[in-house]
Amino acid sequence: MIKINSISKSFRDKTVLNSISGEFDKGKCNLIIGASGTGKSVLLKCIVGLLPPDSGHVYYDLRNFTEADKEMKSEIRREIGMLFQGGALFDSKNVEENVMFPLDILTRMGDEEKRERVNFCLQRVGLENVNKKMPSEISGGMKKRVGIARAIVNNPNYLFCDEPNSGLDPQTSILIDELILEITHEFDITTVVVTHDMNSVMGIGEKIMFLYKGDKVWEGSNQNIASSGVQALDDFVFTNKVMKSLKET
Amino acid sequence: MKSFGKYILFLGSLFVRRETFMTYYKLVFEECVQIGVRSVFLFVLVSTFMGAVTTVQTAYNMVSPLIPRFVISQVVREMTILELAPTIMAIIFAGKVGSSMAGGLGTMRITEQIDALEVMGINSASYLVLPKIIASLLMYPLLVIVAGVCALLGGYLVGTLTGVLTPTEYVQGIRFGFQEFGVSFALIKSFVFAFLISSISSFKGYYTHGGALEVGISSTQAVTSSVIAVLLADYFLAELLLS
């Protein structure tokens, strides 16, 4: 479980996050949603430590990450897997080397053991016979899958996904969502997904935190998002005419 | 001053939370190939022509019959060892290797590859930059030696083939009044320049923010700042070691 307590973050005069608190449950797909520019990605970066929050604390299973020393932070980070918006695959390494990278650096596994683990993870995300391809030779959807494989290769306790569907067609988006959900349940990990994709919200939002102008204005699940009674959330969810007419019926 | 302070902190960050020796060994080896082996052709080409042109121009300016002709190759030797091989090659090194380092790291930054390393608990600065600096310190002095030899050979070929001076005169000039410290001085300079170019270029690339345009700007800044640092260091080293 990950707990955040009164996280605030400003850039010069602009307040991006205003005292955000909440919990992300283990074994669930936790979503942070909101329109563009509401601070979702900044919150995610504060949680994983890529940005230091101005105030507040982040706890990984009761371990205070914000005030941890460098060694402790490094230890916690080794339990984290992260899927970045663009995949963030290393251009100079092929698919197999990319997925194997965390094992090379963080473990003392033998070559054969590492290769087996890499092949297992690639198969798990539905990729085969792409081991020797370079990132520039595979599609956007495949890059995301490789990114997921790399994120889970070291058996993480926490999985973070920053807009996993951006730039993908609706069908591939759903496949990626389902994959994230399956992996979350299968490995019983705490997954946090930042998205503004409504298909994701409805499909995998077991626990949802809605941000609006830097504030957390609602928390719930995909089961009760339609009846939240929060105007900002309604405006976000029922954006187009089809969704509006669905709500009215 | 703020940038200088940030640069010093950046250098300090290279030596904390390092990975295993084997990790760096492989990375340094890869960087040596990238930085050193792939620069050999350019260095050989430029230095050979530089030696040739220096010979021709020195000969053109030595019009007095009272000056023996072997002085031409002596001048070529001194110029090559003291300045052309370590310093002019450093500017070429900054243009080729420095811009490549800054561009590569800048691209890694804007495509979140550096963030990916950080999230894995890896000190990205140490992992990415330290091997580049070590490889530069290993390879640049070797490149300077290659450049020096090629420049002297280029001068020999052009000098003898065009009839400016005989092979014997050229070799006599090369050997006349030779001081070994000149070579030591060139190697000391090459170590300093290699460190300055690789660290400054990496610093510029590592702190790139924005998009493709900013990567281009970082590469340009890396070359400009490296060249200025090299020229300043060249002056101070000459004052320190030769005066």
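Residues numbered from 1 in each chain as written. Chains lettered and ligands numbered in written order. Predicted model: local features only at pLDDT ≥ 70, side-chain atom pairs only at ≥ 80, totals over all residues.

1. As for the environment of A:Ala149
All names here are of chain A. As for its placement among the helices and strands, alanine 149 is situated in helix α5 (residues 140-152). Overall, alanine 149 belongs to the buried group, with 28 C-beta atoms counted inside 10 Å. Taking the C-alpha atoms as reference, alanine 149 lies 6.4 Å from valine 125; in sequence the two are 24 residues apart. (Helix = DSSP H or I, 4+ residues; strand = E, 2+ residues; numbered from the N terminus. Buried ≥ 20, exposed ≤ 12 C-beta atoms within 10 Å, placed from the backbone.)

2. Quick notes on the domain arrangement of chain A
All names here are of chain A. Annotation of chain A at the domain level lists domain 1 (2-79 + 156-248) and domain 2 (91-155). Computed over C-alpha atoms, the centres of domain 1 and domain 2 are 25 Å apart. Contacts between the two partners involve 11 residues from domain 1, matched on the other side by 10 residues from domain 2. Per-element tally for the side of domain 1 that touches domain 2: the top contributor is helix α6 (residues 170-187), with five residues. Here the residues of the side of domain 1 that touches domain 2 are counted per class, giving eight nonpolar, two polar and one charged. (Domains from an automatic or database assignment. Contact = placed C-beta atoms within 7 Å. Nonpolar A, V, L, I, M, F, W, Y, C, P; charged D, E, K, R; others polar.)

3. What to know about the interface of chain A and chain B
On the side of chain B, 13 residues touch chain A, which itself brings 15 residues to the contact. Sorting the residues of the side of chain A that touches chain B by element identifies α2 (70-77), β6 (80-83) and α3 (95-106) of chain A as the ones contributing at least two each. Among the residues forming the side of chain A that touches chain B, the class breakdown is 10 nonpolar, two polar and three charged.

4. Quick look at helix α4 (residues 111-124) of chain A
All names here are of chain A. Helix length check: α4 (14 residues) gives 20 Å between terminal C-alpha atoms against 20 Å at 1.5 Å per residue, within 8%. Lining the buried residues of α4 we find α3 and α5. Looking one or two places after α4, you find glycine 126, whose phi comes out positive at around 80°. (Expected span 1.5 Å × (residues − 1).)

5. Remarks on the sheet that holds strand β8 (residues 190-195) of chain A
All names here are of chain A. Reading across from one edge, β6-β7-β8-β3-β9-β10 is the order of the six strands in this open sheet, with mixed pairing throughout. Lying at the two open borders of the sheet, with one neighbouring strand each, are β6 and β10 (215-220). Neighbouring strand axes in the sheet, compared pairwise and without regard to direction, differ in orientation by 15° on average. Contacts from α5 reach β6 and β7 (158-162), with the element oriented near 175° to β6. (Pairing = 2+ DSSP bridges. Axes fitted to C-alpha atoms, helices over the stretch in contact; angles between N-to-C directions.)

6. Let's talk about the pairing of strand β2 (residues 14-24) of chain A
Residues and elements named next belong to chain A. As paired strands, strand β1 (residues 2-11) and β2 are joined by seven bridges and run antiparallel to one another. The residue of β2 that forms the bridge with lysine 9 is leucine 17. Connecting β1 to the antiparallel partner β2 that follows it, the hairpin turn spans two residues, and arginine 12 within it adopts a positive phi of roughly 55°.

7. Notes on the nonpolar core
Within the largest apolar cluster, 123 residues are counted, with the highest numbers of intra-cluster contacts made by A:Ala149 and B:Ile197. For this core, the element with the most residues is helix α6 (residues 124-161) of chain B, which contributes 17 residues. Residues from two domains meet in this core; each of domain 1 (2-79 + 156-248) and domain 2 (91-155) of chain A gives at least three. (Core = buried A, V, L, I, M, F, W, Y, C linked by C-beta atoms within 7 Å.)

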